[in-house]
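# Fold and geometry: a report
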Amino acid sequence: MQSKASIDPIGAVAVQPAAASTASGDFHDSRFAQEAERAARYRLVIEEGPQSGSFIYKTLDRVTGEVIKQLPREQVVNLMQAARYSAGSVIDTKA
């Protein structure tokens, strides 16, 4: 099956260079650059938890070494290490 469609040629288009960047349009002064720099300061560390198959996720500050956030929280990890801990035993549903 043949098509009788034809494509018309396109003429050349002149491309103009972008205008000089202003301070507000400069990436280094932008909000995105500041957020990128802040995000690059942090590192995600994944450690094996106390129970088989459990993991601890920590967000660390690369400069100070401080733990910014940890999931699960340290208190929950301590509960998991207790001998009588089992999933769901954190909440007592008996009245």
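Refer to the preceding data block for the structure.
Okay, so let's go over this structure. All of these numbers come straight from a predicted model, not from anything done at the bench. (Residues numbered from 1 in each chain as written. Predicted model: local features only at pLDDT ≥ 70, side-chain atom pairs only at ≥ 80, totals over all residues. Heavy atoms only, no water.)

## As for unusual backbone geometry
Omega for the bond connecting Leu71 with Pro72 falls within 30 degrees of zero, at -10 degrees, which places this linkage in the cis form. Tracing the backbone shows Pro72 in the loop between β3 (67-71) and α2 (74-81). (Helix = DSSP H or I, 4+ residues; strand = E, 2+ residues; numbered from the N terminus.)

## Some points on the packing of aromatic side chains
On inspection of all chains with the given rule, the structure shows 0 aromatic pairs. A cation sits over an aromatic face here: Arg31 above Phe32, 4.7 Å from the ring centre. (Phe/Tyr/Trp six-rings, centres within 6.5 Å; stacked < 30°, edge-to-face > 60°. Lys NZ or Arg CZ within 6 Å of the ring centre and 35° of its normal.)

## Comments concerning the sheet that holds strand β2 (residues 55-61)
Strand pairing in a sheet relies on backbone hydrogen bonds, with the paired strands running either antiparallel or parallel. Ordered by their spatial adjacency, 3 strands build an open sheet running β1-β2-β3, and the pairing between neighbours is antiparallel. Two strands lie at the open edges of the sheet, namely β1 (42-48) and β3, each paired on one side alone. Between one strand and the next, the sheet's axes are offset by a mean angle of 20 degrees, whatever the strand orientation. Strand direction decides the pairing type here: β2 and β3, joined by 4 bridges, are antiparallel. Residue pairing for β3: Thr59 is matched across the bridge by Lys69. (Pairing = 2+ DSSP bridges. Axes fitted to C-alpha atoms, helices over the stretch in contact; angles between N-to-C directions.)

## A word on the environment of Gly49
Checked against the element boundaries, Gly49 lands in the loop between β1 and β2. Looking at Gly49, the relative accessible area reads 14%, which means it is buried. Sequence-wise, Gly49 and Met80 are 31 residues apart; in three dimensions their C-alpha atoms are separated by 8.8 Å. Beyond its immediate sequence surroundings of up to four residues, Gly49 is in contact with Ser54, Phe55 and Ile56. (Buried < 20%, exposed > 50% of the residue type's maximum accessible area, 1.4 Å probe, protein only. Contact = heavy atoms within 4.5 Å.)

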